[in-house]
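Architecture at a glance
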Amino acid sequence: MVGPGGAGKTRLAVEAARRHRHAYRDGAWLADLAPVTEPAKVGAALLAAIGSRGGTVFEAGNRGEGDDLDVLVERLRGRESLLLVDNCEHLIEPVAHLVAALLSRCSGLRVLATGREPLAVDGEALVPLGPLALPGPHDDVGQARRAASVRLFAERAAAVRPGFEVDGTTLAEVRRVVRGLDGMPLALELAAARLRTLSLPELADGLSDRFALLGTGSRSALPRHRTLRAVIAWSWDLLSEHERTVADRVSVLPGGVTVASATALCAGTAVPPAEIPALLAALVDRSLLHLAPQPPTPTPTGPGADAPAFAPVSPGLGGGDAPAFAPASPGLGGGGAPAFAPALPGPGGGSPSAGPADGPSPSATGTSGYPPSADGRAPSSSGRAPSTSCGTRSADDRTPAGSGRASSGSGGLPAGSGRASSDPGRPPASFGRASSTSGWGDSLSARRVPLFGGSAVSGVAVPAPVPGRYRMLETLREYGTGRLVEADELGAVRDLAADHFADLLARCEPLLRGPGQTAAVRIIRAEYDNTLAALRRRCDKGDADGAVSLALNLTWYWQMLGLHSDAAYWLGEALAVPGGGATPDRDCARAIHLLNRIGTRPGASAEPAADDRARIREVADRLLAYPELPGPYGALAALPLAFLRGEGAVPAIVGRLADGDDVWLAGMARMFRAQFAENAGLLDEVRPEVEAALACFRQVGDRWGLADALPMRALLRQYDDDLDGALADLREARSLAGEFGPLSLGDEVFGDLRWIDLHLRRGDTDVVSATIDSARERALRANSPETRFLVDAWEAVLRVRLGDLDRARDLLDGAERGLYADPPPSAGARAFPGDHARALVGSARAALCLQTGDTAGARQALVRAYAAALETGDLPNLSLVAVTVAALAEARGCPREAAVLLGAAARLRGAHDRTDRQVRDLTRRGRAALGAAAFAAAYEQGWDLDARTATTVVDPARLPG
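Keep in mind that what you see is a predicted model, and the values were worked out from it rather than measured.

Helix and strand counts for the protein stand at 40 helices and 6 strands. By the burial criterion, 60% of the 961 residues in the protein qualify as buried. Long-range pairs, those at least 24 residues apart, make up 75% of the contacts in the protein with a sequence separation of at least 6. In the form shown here, the protein has an accessible surface area of approximately 34700 Å², with 52% of it arising from carbon and sulfur atoms.

Laid out in structure tokens, this is it:
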């Protein structure tokens, strides 16, 4: 049984021997080697343990080592016994030789040994012992209480503080303690004992200096087992000089160790680079490092091929964010970014139009079912993309190894180990700082390895390790960095690490925009915490230019994975470093920082939000004045800024990029033009831009770019009555996006909303219900109430369609209480997706009122929805409200007015919506009431309006009564 100090090896081994003692006819014996210091005394210690009077330690001085072996064989041969040899690590060689000799000569003997490294003898079956299972970051009280680490801590805490319980008031601090101590049993017991004199919050806060906090233990224990520091120091003392050097230096890495990073950190030492792989393997053997498990491969889950795109993601920066550049409002008719925060596209981005779906196409003049457009704007159907299977992926890669959960170091982002918290004011960890989660080894509760021979029984699957990637427990890391401080080497080692990861990122960053992007994403994700620690080091050291350069190299990775809060926090930190002149790079960093900050501060007051918008326009003037933009991040900043500057600035920068020689930048520029044309209801401009963007991304092999552009084409196909083609596009986009692993929770919810809209139109109510449940769960975990209200509104739409009006009413009541809470949100707080949610909720409320004959209530709801839609600056979103205004006009006996409003709604979205059920039903009833020709003429009257006039015409306050 192997594991680090404090893992509970002795206790578990003794308990295992006690439970299995009856399986051995001649009994079980315990030999504790902790007090034995000389190799020659090992045999005597075993003789004393089995009760041989002539074999005590005190009487064995005149006997040789061979004599001890012969006596042991004489005592044990022919017997069926279990010998528990405890604490072998400091005598590993003599114990291994003695055990091997005994086993070869005593057929009935079984040995259970404990130590920090294997004996490495024939027939040895390893039982790696590591941390106890930790509670998940979102577990409720009941789930957390079942976690082994919480059970142990709570039991020991109750022993020193009677009445202690894990409940709603203590769960957060208990979670901090058990995760901060890696779930290690000894550390948890020492921490619980401190509750005699400390409050639980004081204990949790004190973990920043855990060795001082946990400096006392059992008086009956050996000195090296009495305190946390002594336990770890014992492990370090057993290392060779080169092993200690490597262990000390890799302790600065919060995100795991590779041969390359260990080699870089050992530069300038006596450790030969060629020995690094063997030394890392030796540290694994000695339980100071562990192999990081491999993240699970994305596999389809959920109801059929149309399951939610991703499994739930644990929170963290980016986990609960609305996209910082406000992607075109998903599920609300498209477009939809606030005017001051234009959208950068993201995988699965874009924006489905809202409203009920399905039903037969209405018949009207022309084969399309709608009046033909005089200006040729009626959209045409496009070809279909081939369908591909969709991949999903579990996103909580941050959970500890050994409990069937993937470790963060090989594909996830461990909480507290390099990422900033969801509180923008809380600094993330840097080199040497403690992280709250880090897995080690395989716990018995997960692996269920049999103690006495045989093969492992079935249990929780243990992930296969990623070859050559290792992690160190946070408590061990803190001890190692403490040794570097004592040697006055910590700063130099952190500098080596910062340089190594900055160089690695500089090599990977260009690969993010071509066929190598999936491999580059995997590398950056694996080294993400280490890279953020490198950025923290450059900030702390006052390297202004180095910090900005490193942060800029992360900007596209942040954008791809929706880590907008990370971008806002870290760019802010880099820009806050004193020094550094005004350069295009710094202006790019400032612009991207402000754009991300606005998108992730929906609760900001009006004054800071207005100040940010003013700063954006100021930096836009400077940035767009440069004759040439630096790197791809220049486009990342300049494209949204160009639209903020107004129409006059758009052709200069966007046109230059769209028609330039850089194919990838051309694809991005065309996607920007498509996004903003869709937002303005100019779908005739969207079509060629989307097709051109798809061609560019296919040419350069950018799968993420394809995953971004395909949902926009799916939207066009929805309008064209090509739902199969739209579904094929969304499936392909989802499959491509799934290759990059989990997105932010907010981005995943928005992707779910697009699928909800499409399946509503197809009539797939079972799939819609399942997707709504998944989306709501993600929105709750993202701590984004307004996003949850979007999901609730969509379910209300479904419930109204199914006739479940009571459920629809309950959903809308809750959403309205949250969206219109007192005091009302300030102008600066009405950020994406708040007004989009208000528009959709108001429209759904009006539909509910119309079902019950309450036209006055419907009008009141639409007045609020119309005001919210105007705030978004999103014409397709306003079109959604306009369709329900048409339904209200019909209910009031004004069929011609309803037809005009339907045409005006089509003008606002820029297309005739051939698959929206509400539009179809209104069209069918309008033709019946007015006649086909009169309906077509009224509809055409609305369609022929310009956007500004159409916006005024659809105002529900204009309706009589």
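Our focus in this paragraph is the packing of aromatic side chains. The final tally for this structure, using the stated rule, is 8 aromatic pairs. Ring centres of Trp556 and Trp664 lie 5.1 Å apart, and the angle between their planes is 90 degrees; on these two criteria the pair is classed as edge-to-face. Highlighted residues: Trp556 in helix 20 (residues 544-561) and Trp664 in helix 26 (residues 663-679), separated in sequence by 108 residues. Neither Trp556 nor Trp664 differs from the other in exposure class; each is buried. Every member of this aromatic cluster is reached through a ring pair, and the members are Trp556, Trp664 and Trp704. Over the ring of Trp943 we find Arg907, and its NZ or CZ is 3.9 Å from the ring centre.

Looking at the protein, pLDDT values average 74 and 73% of them are 70 or higher. This model gives residues 53-65 a pLDDT under 50, and the stretch forms 16 contacts once residues within four places in sequence are excluded. When the criterion is pLDDT under 50, residues 602-606 qualifies, and its contacts beyond four places in sequence or with other chains add up to 12 contacts.

Here we take up the sheet that holds strand 2 (residues 81-86). Two modes of strand pairing occur in sheets, parallel and antiparallel, and in both the strands are linked by backbone hydrogen bonds. If you trace the 3 strands from one edge of the open sheet to the other, you get 1-2-3, paired in parallel fashion. Each of the sheet's edge strands pairs with one partner strand only, and the pair in question is strand 1 (28-32) and strand 3 (109-113). Recorded for the sheet is a direction-independent mean angle of 20 degrees between the axes of neighbouring strands. Together, strand 1, strand 2 and strand 3 form the strand contacts of helix 1 (residues 9-20), whose direction differs from that of strand 2 by roughly 170 degrees. Across the face of the sheet, helix 2 (residues 42-49) comes into contact with strand 1 and strand 2 while running at roughly 140 degrees to strand 1.

Core analysis: the largest hydrophobic core is formed by 145 residues, its most contacted members being Phe153, Trp236, Val246, Leu554, Tyr557 and Trp558. A total of 12 residues in this core trace back to one element, the largest contributor, which is helix 20. In contact with Leu554, not counting residues within four places along its chain, are Leu505, Ile524, Tyr528, Thr531, Leu532 and Leu535.

To continue, consider the packing of helix 12 (residues 241-250) against helix 16 (residues 474-486). Describing two packed helices takes the angle between their axes plus the distance from one axis to the other. Packing of helix 12 against helix 16 leaves a shortest axis separation of 7 Å and a crossing angle of 105 degrees. Overall, the two elements helix 12 and helix 16 adopt an arrangement that is roughly perpendicular. Residues Arg244, Asp248 and Arg249 of helix 12 form the contact with helix 16, whose participating residues are Gly480, Arg483 and Leu484. In the contact of helix 12 with helix 16, the residues fall into 1 nonpolar, 1 polar and 4 charged.

Time to look at helix 20. The end-to-end C-alpha distance of helix 20, which contains 18 residues, comes to 26 Å, matching closely the 26 Å that a straight helix rising 1.5 Å per residue would cover. At Leu554, helix 20 shows its maximal bend, which comes to roughly 35 degrees. The first or second residue beyond helix 20 is Gly562, which carries a positive phi of 70 degrees.

In this model, Ala120 sits at a positive phi of 60 degrees, which is unusual for a non-glycine residue. On the secondary structure map, Ala120 appears in the loop between strand 3 and helix 5 (141-146). When its relative accessible area of 65% is taken as the criterion, Ala120 is described as exposed. Phi is positive for Asp488, close to 60 degrees, though the residue is something other than glycine. Of note, Asp488 is situated in the loop between helix 16 and helix 17 (490-508). Assessed through its relative accessible area of 72%, Asp488 is described here as exposed.

About the thresholds
- Residue indices follow the written sequence of each chain, beginning from 1 at its first position.
- pLDDT decides what is reported in this predicted model: residues at 70 or higher carry local features, side-chain atom pairs at 80 or more are listed and counted, and totals for whole chains, interfaces and linings draw on all residues regardless.
- Based on all heavy atoms of the structure, the side-chain values leave hydrogens and waters out of the count.
- For the purposes of this entry, the term helix denotes a DSSP run of H or I that reaches at least four residues, the term strand denotes a run of E that reaches at least two, and both are numbered from the N terminus.
- Buried residues are those whose accessible area, probed at 1.4 Å on protein chains only, stays under 20% of the maximum for their type, while exposed residues exceed 50% and partly exposed ones sit between those limits.
- What makes two residues a contact is simply this: any of their non-hydrogen atoms within 4.5 Å.
- Using a 1.4 Å probe, accessible areas were evaluated by the Shrake-Rupley method; residue-level cover was limited to the displayed protein chains.
- In summary, the pairing rule links any two rings of Phe, Tyr or Trp, Trp by its six-membered ring, whose centres are within 6.5 Å, and it sorts them by plane angle into stacked for under 30 degrees, edge-to-face for over 60 and tilted for everything else.
- Definition used: whenever NZ (Lys) or CZ (Arg) falls within 6 Å of the ring centre and also within 35 degrees of the ring normal, the charge is taken to sit over that ring.
- One number per residue, pLDDT, summarises how confident the predictor is, and it ranges from 0 to 100.
- Any two strands with at least two DSSP bridges between them are considered paired.
- Only the stretch in contact is used when a helix axis is fitted, and all axes are lines through C-alpha atoms; the angle between N-to-C directions ranges over 0 to 180 degrees.
- The term nonpolar core refers to a set of buried residues drawn from Ala, Val, Leu, Ile, Met, Phe, Trp, Tyr and Cys, joined through side-chain atoms within 4.5 Å.
- Angles below 35 degrees are treated as roughly parallel, those above 145 as roughly antiparallel, those between 65 and 115 as roughly perpendicular, and all remaining angles as oblique.
- Under the convention adopted here, Pro, Cys and the residues Ala, Val, Leu, Ile, Met, Phe, Trp and Tyr are nonpolar, Asp, Glu, Lys and Arg are charged, and Gly plus all remaining residues are polar.
- An expected span of 1.5 Å times one less than the residue number is assigned to each helix.
- Bend at a given residue is defined as the angle between two axes, one fitted to the seven residues that end at that position and one fitted to the seven that begin there.

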